[in-house]
Amino acid sequence: GDKVKQSPSALSLQEGTNSALRCNFSIAATTVQWFLQNPRGSLINLFYLVPGTKENGRLKSAFDSKESYSTLHIRDAQLEDSGTYFCAAELSNNAGAKLTFGGGTRLTVRP
Amino acid sequence: GALVYQYPRRTICKSGTSMRMECQAVGFQATSVAWYRQSPQKTFELIALSTVNSAIKYEQNFTQEKFPISHPNLSFSSMTVLNAYLEDRGLYLCGARQGANTEVFFGKGTRLTVV
C-alpha cells in the first residue's frame, strides 16, 4: 500500500481563500519535504522539515512525526499558486536516505 | 544557493536506442544522488540511489544493465537509459543532497519520449 498518502488529489480554490494539504505516513518519517511542480515538470522546493513548523510568506507547513503526518497550508491563494504539490518523506525503514513521494495534489486557483 | 543542473531537458529517441542524461550540483557537495522517474500519471518511482564511496542501490524493477549510473565525484552524476522502449517514457529527475537528513535539490528533469 501507499507509504505516503497525500490528500486531496485535486483541489480547486477561489482566489483569496485558504486551504490545507495533508500527507499521512504509514511508516515513521524522519524528514519531510514539500515541492511545487510547475507545468514544465520542475520541482520547486517549498519546505524541508524535521519535526516542527515552518512558514514562508503565505505558506506554512508542519510535520508531526509522532502522529505521522505533515500539512501544507496555503493562505490567500493566488493564481500563480496553481500547480501540483508533492510531499516527500524520508521514511525510517529506508536504507540510504531516499525520498518516498506522495501522489500529489493538483491545485487550481480560480479568479 | 544550492542548484542542480540537469540536461538535456527533453529528448526523443527511437525505440531500441539509448540516451544519457546528466546532473551537475552547484553550491554544495552531492554526496548522494537519487534518480527518479515520474510516469505520465504523475507517480514517482525511485530508480536508484548513488552515494559516493558506496555501491549504487537499484530499486526493484530497475537494473544496472538497463539504467547504468555514474557518480564519479561530488558534483556530477549521469544515467543512461539503454534500449529505450515505450514503457521507459516519462520525466526523469535527479535529486542530490549533501548527506543524510539534509534537503534534497532536484534538477529540472529530462523528459524522454520514445518513438
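Structure shown above.
Residues numbered from 1 in each chain as written. Chains lettered and ligands numbered in written order. Predicted model: local features only at pLDDT ≥ 70, side-chain atom pairs only at ≥ 80, totals over all residues. Heavy atoms only, no water.

Colleague: What's the story with the pattern of salt bridges in this structure? I'm lost.
Modeller: Should their charged atoms come close, side chains of opposite charge can pair. Throughout the structure, instances matching the rule amount to seven salt bridges over all chains. Of the charged contacts, one joins A:Lys98 and B:Glu59 as a salt bridge, the two residues approaching to 3.0 Å between their closest N and O atoms. Highlighted residues: A:Lys98 in the loop between β9 (83-91) and β10 (100-101) and B:Glu59 in the loop between β6 (57-58) and β7 (69-73), drawn from two different chains. The exposure class assigned to B:Glu59 is partly exposed, which follows from its relative accessible area of 26%. Taken together, the shared-partner salt bridges connect B:Arg37, B:Glu45, B:Lys66 and B:Asp88 into one network. (Salt bridge = Lys/Arg side-chain N within 4 Å of Asp/Glu carboxyl O. Helix = DSSP H or I, 4+ residues; strand = E, 2+ residues; numbered from the N terminus. Buried < 20%, exposed > 50% of the residue type's maximum accessible area, 1.4 Å probe, protein only.)

Colleague: Before we go on, may I ask you to explain the layout of surface pockets in this structure?
Modeller: Empty space among the atoms becomes apparent when a probe as large as a water molecule is rolled across them. By volume, the largest pocket is sized at about 640 Å³. Taken together, 24 residues line the largest pocket, and the ones lying closest to its centre are A:Lys3, A:Thr100, A:Phe101, B:Phe44 and B:Glu45. Listing elements by their share of the lining of the largest pocket, those giving two or more residues are β1 (4-7) and β10 of chain A together with β5 (44-51) of chain B. Classifying every residue of the lining of the largest pocket by side-chain character gives eight nonpolar, ten polar and six charged. Lining the second largest pocket we find A:Ser42, A:Leu43, A:Ile44, A:Asn45, B:Ala2, B:Leu3, B:Val4, B:Tyr5, B:Phe105, B:Phe106, B:Gly107 and B:Lys108. Classifying every residue of the lining of the second largest pocket by side-chain character gives eight nonpolar, three polar and one charged. (1 Å grid on protein atoms, 1.4 Å probe; cavity = no way out; pocket = protein on both sides within 12 Å on 5 of 7 lines; lining within 4 Å. Points joined across faces, edges and corners; volume = space filled by probe spheres on them. Nonpolar A, V, L, I, M, F, W, Y, C, P; charged D, E, K, R; others polar.)

Colleague: Looking at this structure, I do not really get the interface of chain B and chain A. What am I missing?
Modeller: It is common to give the size of an interface as the accessible area that goes away when the parts come together. Across the contact, 21 residues belong to chain B and 20 residues belong to chain A. Roughly 1900 Å² of surface becomes buried between chain B and chain A when both sides are summed, with 50% attributable to carbon and sulfur atoms. Interface area lost by chain B to chain A is led by B:Phe44, B:Glu103 and B:Phe106, which between them contribute 26%. Put simply, chain B and chain A have nine residue pairs in polar contact (both at pLDDT 80 or more) between them. Of all the secondary-structure elements, those providing two or more residues to the side of chain B that touches chain A are β4 (32-38), β5, β9 (90-97) and β10 (105-106) of chain B. In terms of residue class, the side of chain B that touches chain A is built from ten nonpolar, three polar and eight charged. (Contact = heavy atoms within 4.5 Å. Buried area = accessible area lost by both parts, 1.4 Å probe. Polar contact = N/O pair within 3.5 Å; in protein donor to acceptor, adjacent residues only side chain to side chain.)

Colleague: Would you mind showing me how to read the packing of aromatic side chains here?
Modeller: Each aromatic ring pair is specified by the distance between its two centres and by the angle formed by the two planes. Per the counting criterion, the structure on display carries eleven aromatic pairs over all chains. Seen from their ring centres, B:Tyr36 and B:Phe106 are 5.7 Å apart, and the 55 degrees between their planes marks the pair as tilted. Here the residue B:Tyr36 occupies a position in strand β4, and B:Phe106 occupies one in strand β10, the gap between them amounting to 70 residues. One aromatic cluster is present, built from ring pairs that chain together A:Phe35, A:Phe86, A:Phe101, B:Tyr36, B:Phe44 and B:Phe106. (Phe/Tyr/Trp six-rings, centres within 6.5 Å; stacked < 30°, edge-to-face > 60°.)

Colleague: It is not clear to me how the side chain of B:Gln38 should be interpreted in this structure. Could you clarify?
Modeller: Its place among the elements puts B:Gln38 in strand β4. A polar side-chain atom of B:Gln38 sits 2.7 Å from a polar atom in the side chain of A:Gln37. The contact partners of B:Gln38, leaving out residues within four places of it in the chain, are A:Gln37, A:Phe86, B:Thr43, B:Phe44, B:Gly90 and B:Leu91.

Colleague: Sorry if this is basic, but what is going on with the environment of B:Gly95 here?
Modeller: Its location among the elements puts B:Gly95 in strand β9. Along the backbone, B:Gly95 and B:Gln24 are 71 residues apart, and their C-alpha atoms lie at a distance of 10 Å.

Colleague: How should empty space enclosed by the protein be read in this particular structure?
Modeller: Residue and element names in this part refer to chain B. The final tally for this structure, using the stated rule, is two cavities of 30 Å³ or more. Estimates place the volume of the second largest cavity at around 40 Å³. Every residue lining the second largest cavity is listed: Val 4, Cys 23, Gln 24, Ala 25, Ala 30, Val 33, Ser 75, Phe 76, Ser 77, Cys 94 and Ala 96. Elements with a contribution of two residues or more to the lining of the second largest cavity: β3 (19-26), β8 (76-81) and β9. With three residues, the top contributor of residues to the lining of the second largest cavity is β3.

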